[in-house]
Every structure is written in structure tokens, then in C-alpha cells.
Amino acid sequence: MKAREPLIFYSASPPSILTYKIAKAFNKNGYKTILIAMCEKEAFDSDFYKDAFNDIIISNFRFFKPNKKTFNYFTKRGFSFLKFLIKIKMLKPSAVIGISGANWQLKLVHKYFFKKYPFIYFPYDILSQFYNSRKEALEDGVKEFELNAERYCLENSDGIIHKGAPNELEFFNYTDIKLPKFQLNFSAYCSDEFFSPINKNKLSKSDKEIHIAYLGFLFNDKEAYERTMNLLDDFLNQKLHLHAYFQAKHIPQNQAEGYFKEFFLKFMKSKYFHIHQPLGPKEIIKEISKYDYSFWFGTKLRIPEIKYHIGNKISSYLEAGLPIIYSKESLYVDSILRKYKINQLGFKKDIKEIRKKILKLDYKEAEKKIILARQDFNIDKNFPRIREFIEKVIEQKNY
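Note that this is a predicted model, so its numbers are computed, not measured.

Scoring rules and cut-offs
Residues numbered from 1 in each chain as written. Predicted model: local features only at pLDDT ≥ 70, side-chain atom pairs only at ≥ 80, totals over all residues. Heavy atoms only, no water. Pairing = 2+ DSSP bridges. Helix = DSSP H or I, 4+ residues; strand = E, 2+ residues; numbered from the N terminus. Axes fitted to C-alpha atoms, helices over the stretch in contact; angles between N-to-C directions. Buried < 20%, exposed > 50% of the residue type's maximum accessible area, 1.4 Å probe, protein only. pLDDT = per-residue confidence, 0-100. Salt bridge = Lys/Arg side-chain N within 4 Å of Asp/Glu carboxyl O. Expected span 1.5 Å × (residues − 1). Patch = residues over 30% accessible without salt bridge, like charges linked within 9 Å, V, L, I, M, F, W, Y side chains within 5 Å. Areas by Shrake-Rupley, 256 points an atom, 1.4 Å probe, with all protein chains shown as cover. Parallel < 35°, antiparallel > 145°, perpendicular 65-115°, else oblique. Contact = heavy atoms within 4.5 Å. Core = buried A, V, L, I, M, F, W, Y, C linked by side-chain atoms within 4.5 Å.

**Some remarks on the sheet that holds strand E3 (residues 55-58)**
Turning to step 1, where the next piece is worked out: With parallel pairing, seven strands are arranged side by side in an open sheet as E3-E2-E1-E4-E5-E6-E7. One side of each edge strand has no neighbouring strand; the edge strands of this open sheet are E3 and strand E7 (182-185). Taking the axes of each pair of neighbouring strands and ignoring which way they run, one obtains an average angle of 20 degrees across the sheet.
Turning to step 2, where the next piece is worked out: Strand direction decides the pairing type here: strand E2 (residues 33-37) and E3, joined by four bridges, are parallel. The residue of E3 that forms the bridge with Leu35 is Ile56.

The structure is reproduced here in C-alpha cells:
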């Protein structure tokens, strides 16, 4: 790949930490990387991402359902959006990695801007695996054009990167889907850059109680809500302190604190439930390292996605040096933690006995295994796989 031909990451929403990690690895290995972010400037910390990208092009514009404010918004930001389109039209990339968030945007960008260039689709979350049927997705408010756009991206890409299990792409609601030849399972790996030294000054030293960190998004969904409430009930009844750092994609950041307190109103009086302000990607690792354990669970059990996916949360917990309490319903997460022999705190549907498992755990031994795990489950170690994959896609497209 020629140095003057950049590798472009087009993100249809504020970029993920995994996007940063992948781009940083390419950048460290001599590739020129460009981030195109289809979002408002205030939606993410672009200064943080400058370490991973040679250039960042932001639309400073978002699409939303037309209302009384639409004209004023377009008047204010329309020129910025036009400049954004001109900039990306002039790019001559070696390849484009399209990261989902709004698949309809990726479809349009591919068709009208980058169709002649190698296009690699990275469906960070596969929408059609988040529901058991197309009908269920539509009933939940997913737009038909978004489902159609996801299928377009799957079938019209020159290669697919997915972060879930190696066999994840075998499970779709589509029966006649035609996927490209090149496919790569590339998980949300740890990065040395984010590692926190094992924290010996735990919060539990002062009060002799058990403190557990939870990072994650909240979804406005009845099943997810009920699952979350039931788990927290069982969790807090065991006198375990839960320190939650929440984000919600459907809530503006300046409204988040009030939303979370209302969402968890029934737990706000509990001495064991603590809501904290979210922090930056590196700051949060150091912050949660002062707790004893971490917590991961799937909010929806009936869907294919819960079995095969993995997010950056697991890596964040390993980077912080924390043993993980996790749901075994995620077969892929379970397989990874089993591989490194750090699966002692796994549970199925019932979490009522988790305190007993915690008290049985050899904590020092668990910390040793976590250090080994995060060194192996590491983006630098796995970078040659994604570099070879990208080069093969480029070669095939050019040929």
C-alpha cells in the first residue's frame, strides 16, 4: 500500500474505543490513517483520537426527524456539512473501513463516494442478530431501510471484519445472504496503552467490604430493563457494592445523570448502589482499578447476539486488572475467559450465589492469570492478522 493512499475509517456515529485501537495499531506500523466521523464535534473527544489518526474529518452535522428546529439547524450547520462532503469526495484511499452505527449512511457513502475503492464492512453490532426476526425488529421501531442497508453492506463489501465469535456470521435472520469471500473475526482486544498496574490500594482496604465495577450502555427496551432490575436486586441483596459508570446512546450527555437516577430509582437509597460520572477511555481504567471485581451481563437473553458477541468492556476490565463476574449465556465471552482460566465467577441465569463464589476465589492467583491474559488477548499480538486481511482485500479488489 502506497503511503500517499490512506486507510480510511468511516464511522457513522462517534467512534468506538476499538476503532481507536485498530487505527493506532495501523498508524504505529507505518500506515496513514484518516477518520471520517459522521457526527457533531461535541459528540466525542476528537483530541483523544488524534493519537490514532493522521487526519480527522468531522461532519459536525447529524440527521434527525424533521421538526420546527430543522431549518435553523440546517442554516447553522449546512455549510459545514457541504465542506465535509467535498473533503471526502477528494480522498483517494487504499481502502475504506465502514463502521456501522447507521447502515443507511454507509450504503450511501459506498455507492456515491467510495464504490471503486476496496470497501471493508465492520458491523460493530450486527443489527439482524439483535432480533430473532425481521418482524420483531420492525415492531421494536427499527426502520426497514436500516435493515435493508445492513444487508446491502454485508453483500456489497469486499470484506467483513466482525468482533464476535469466529462462527458469528453463520447466524443471520436472512436465509439467502451472500457474504464476501474475505471475513475476519477480530475481537475487542486489550492494548498496552490502556493497562493499569495492579492496584494494591483497593477501596475495600478501608471498609472491608466488596466493591465491584460496572461499565456499560443502557438500552430503552422492556426486556433489557426487567433483566437489569432483577439482576441488580439479587446482586445488592448479597451486600455487594456496585459502582456503575453508565452511558445511554439515546440520552444527551447533559441529561444523563438525572436519567440514570430516575431509571434506577428503586436502588438509589441502597448503600450498596453507586452511580458515577462516566470518564474518558484511559481515565476510566485507572478509576475502576481501585475496585475488587468487575461485572458483565447481557441484557437480552433470547437473541443470537448475546451468544456470539464481545465488546470492549471485557478488555477494559482486564486492562484494569479486575476479575470478571460474567454471564455464561455469552458463549464467546465464556470461551475466552475459560481459555485463560479466569472463568471462576461465571453465572447462568441465577446470580444469587455469586458472593459465595467470590469468597472462594484465590485473588492473587486470579491477578496473575489476568496479567497473562491481557498480554495474550492483545491488539499488538493480533495486528498481523488484520494487516494481512486488509492487504488481501486491497489486492483482490485491485486485481
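**Considering the pairing of strand E5 (residues 119-122)**
Turning to step 1, where the next piece is worked out: Residues Phe119 and Tyr121 point to one face of E5 and Ile120 and Phe122 to the other, with burial holding for every one of them.
Turning to step 2, where the next piece is worked out: Examined bridge by bridge, strand E4 (residues 95-99) and E5 share four bridges and lie parallel to one another. Paired with Ile97 across the two strands is Ile120, which belongs to E5.
Turning to step 3, where the next piece is worked out: Bridging between E5 and strand E6 (residues 159-162) involves two bridges; their strand directions are parallel. Following the sheet pairing, Ile120 is matched in E6 by Gly159.

**So, the confidence of the model for the chain**
Any segment with low pLDDT has predicted coordinates that should not be analysed in fine detail.
Turning to step 1, where the next piece is worked out: When the pLDDT values of the chain are averaged, the result is 87; 90% of them are 70 or greater.
Turning to step 2, where the next piece is worked out: Looking at the elements of the chain, mean pLDDT is at its lowest for helix H9 (residues 256-263), recorded as 71, and at its highest for helix H15 (residues 363-376), recorded as 97.

**Side note on the pattern of salt bridges**
Turning to step 1, where the next piece is worked out: Within the structure shown, the criterion is met by 18 salt bridges.
Turning to step 2, where the next piece is worked out: Here Lys28 makes a salt bridge to Asp380, at a shortest N to O gap of 3.3 Å. Here Asp380 lies in helix H16 (residues 379-398) and Lys28 lies in helix H1 (residues 17-28), a separation of 352 residues in the sequence.
Turning to step 3, where the next piece is worked out: Across the pair Glu144 and Arg134 runs a salt bridge, and its minimum N-O distance is 3.4 Å. Here Glu144, found in helix H6 (residues 144-156), pairs with Arg134, found in helix H5 (residues 134-139); they are ten residues apart in sequence, far enough to count as distant.
Turning to step 4, where the next piece is worked out: Shared partners join several salt bridges into a network, and the residues in it are Lys24, Glu193 and Lys282.

**Here we look at H1**
The periodicity of an α-helix, 3.6 residues per turn, causes residues three or four positions apart to be oriented the same way.
Turning to step 1, where the next piece is worked out: When the terminal C-alpha atoms of H1 are compared, their 16 Å separation across twelve residues agrees well with the 16 Å that a helix rising 1.5 Å per residue should span.
Turning to step 2, where the next piece is worked out: Burial analysis of H1 places ten of its twelve residues in the buried class, the great majority of the element.
Turning to step 3, where the next piece is worked out: Looking only at H1, the buried set comprises Ile17, Leu18, Thr19, Tyr20, Lys21, Ile22, Ala23, Lys24, Ala25 and Phe26.
Turning to step 4, where the next piece is worked out: Phi for Gly30, located one or two positions after H1, is positive at around 90 degrees.

**Some words on a nonpolar patch on the surface**
Turning to step 1, where the next piece is worked out: A grouping of Phe79, Leu82, Ile86 and Met90 is seen on the molecular surface, where their side chains present a nonpolar patch of about 460 Å² in accessible area.
Turning to step 2, where the next piece is worked out: The residue Ile86 is located in helix H3 (residues 70-89) in this model.
Turning to step 3, where the next piece is worked out: Residue Ile86 is classed as partly exposed on the basis of its relative accessible area of 45%.

**Comments concerning the packing of H1 against H16**
Turning to step 1, where the next piece is worked out: Viewed as axis vectors pointing N to C, H1 and H16 meet at an angle of 80 degrees, and their least axial separation amounts to 10 Å. Classified by the angle their axes make, H1 and H16 are roughly perpendicular. Contacts between H1 and H16 pair Lys21, Ile22, Ala25, Phe26 and Lys28 from the former with Ile379, Asp380, Phe383, Ile386, Arg387 and Ile390 from the latter.

**Regarding the nonpolar core**
Turning to step 1, where the next piece is worked out: With 99 residues, the main nonpolar core has Phe9, Ile212, Ile288, Phe295, Ile325 and Ile390 as its most contacted residues.
Turning to step 2, where the next piece is worked out: The contact partners of Ile212, leaving out residues within four places of it in the chain, are Phe235, Leu240, His241, Leu242, His243, Tyr291, Tyr293, Ser294, Phe295, Ile325 and Ile358.
Turning to step 3, where the next piece is worked out: Counting residues in each nonpolar core, the second largest holds 28 residues, with Met38, Ile88, Ile126 and Ile177 among its members.

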